[in-house]
Amino acid sequence: MAMRRILCFAFLLALTGCGRISPNSPESLAGTFDLEIVNVDAGRGNVDVLIKLGDTSDPSGFIELNSDATYRLTATYGGLAGTTWQTNGMYRVDNSGLIQFTIPVGRTFSGSLTEERRQISVTENLNHATVRLVFNRAP
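Residues numbered from 1 in each chain as written. Predicted model: local features only at pLDDT ≥ 70, side-chain atom pairs only at ≥ 80, totals over all residues. Heavy atoms only, no water.

## Topic: the nonpolar core
Here is a general trend for soluble globular proteins: nonpolar side chains tend to be buried in one another's company.
Thinking step 1. Of all hydrophobic cores here, the largest spans 29 residues; its most connected members are L65, F101 and I120.
Thinking step 2. Of all the secondary structure elements, the ones that give two or more residues to this core are β1 (31–41), β3 (60–65), β4 (70–77), β5 (83–93), β6 (98–102), β7 (108–114), β8 (119–126) and β9 (129–137). (Core = buried A, V, L, I, M, F, W, Y, C linked by side-chain atoms within 4.5 Å. Buried < 20%, exposed > 50% of the residue type's maximum accessible area, 1.4 Å probe, protein only. Helix = DSSP H or I, 4+ residues; strand = E, 2+ residues; numbered from the N terminus.)

Here's what the structure looks like:
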């Protein structure tokens, strides 16, 4: 009798979880996040902070997360380590909000989801500098 109750309880728990989309699933994260802030630390004792204000020299770009767990990233910025960075590949998110991006050549970089999954912060070493890119979900 007790075994039947346990099985019924487990079955009910399984049913209540069905149909829900995890907040970390590609389906719930799909969308475009616009590049808003770039922090560049070239190791010279100063940090270059670039904020998107609308000028043509301001940082621009986006990261697009797709429901099939693919992404596309493009970012252009000036400053100490100015560059245009374009890549695409696959992504996955763990329960803590860490998002890992895979580049087709087998390399990875990671970031974090913050602000209730509305912001992605990515830190990467580019052009001999540490660059932090902050993307906010597009309206």
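The rest of the description comes next.
## A word on the packing of aromatic side chains
Thinking step 1. In total, this model carries five aromatic pairs according to the counting rule given.
Thinking step 2. Ring pairs connect the aromatic residues Y71, W85, Y91, F101 and F109, which therefore count as one cluster. (Phe/Tyr/Trp six-rings, centres within 6.5 Å; stacked < 30°, edge-to-face > 60°.)

## Focus on the side chain of S121
Thinking step 1. By the element assignment, S121 lies in strand β8.
Thinking step 2. You can call S121 buried: its relative accessible area is 10%.
Thinking step 3. Side-chain polar atoms of S121 contact the side chain of R132, separated by 3.1 Å.
Thinking step 4. In this structure, S121 is in contact with G111, S112, R132, L133 and V134, ignoring residues within four places of it in sequence. (Polar contact = N/O pair within 3.5 Å; in protein donor to acceptor, adjacent residues only side chain to side chain. Contact = heavy atoms within 4.5 Å.)

## Re the pairing of β9
In summary, the side chains of a regular strand alternate between the two faces of the sheet.
Thinking step 1. Bridge count for β1 against β9 is eight bridges, and the pairing is antiparallel. Bridging from a neighbouring strand, V38 pairs with L133 of β9.
Thinking step 2. Linking β8 to β9, which pair antiparallel, is a turn of two residues; within it N127 sits at a positive phi near 50°. (Pairing = 2+ DSSP bridges.)

## A short note on the pairing of β4
Thinking step 1. Two strands pair when backbone bridges link them, and β3 and β4 are joined in this way by six bridges, in the antiparallel orientation. Among the inter-strand pairings, E64 is bridged to a residue of β4, identified as R72.
Thinking step 2. Strand direction decides the pairing type here: β4 and β5, joined by eight bridges, are antiparallel. In the sheet register, T74 faces β5, and the bridge partner there is Q86.

## Considerations on a nonpolar patch on the surface
Thinking step 1. Residues V47, V49, I51 and L53 make up a contiguous nonpolar surface patch of roughly 400 Å² in combined accessible area.
Thinking step 2. By secondary structure assignment, the location of L53 is in the loop between β2 (47–51) and β3.
Thinking step 3. Judged by its relative accessible area of 74%, L53 is exposed. (Patch = residues over 30% accessible without salt bridge, like charges linked within 9 Å, V, L, I, M, F, W, Y side chains within 5 Å. Areas by Shrake-Rupley, 256 points an atom, 1.4 Å probe, with all protein chains shown as cover. Salt bridge = Lys/Arg side-chain N within 4 Å of Asp/Glu carboxyl O.)

## Overview of the environment of N88
Thinking step 1. Relative to the assigned elements, N88 resides in strand β5.
Thinking step 2. Separated by 15 residues in sequence, N88 and I103 have C-alpha atoms that sit 6.2 Å apart.
Thinking step 3. Excluding anything up to four places from it in sequence, N88 contacts Y71, R72, T102, I103 and P104.

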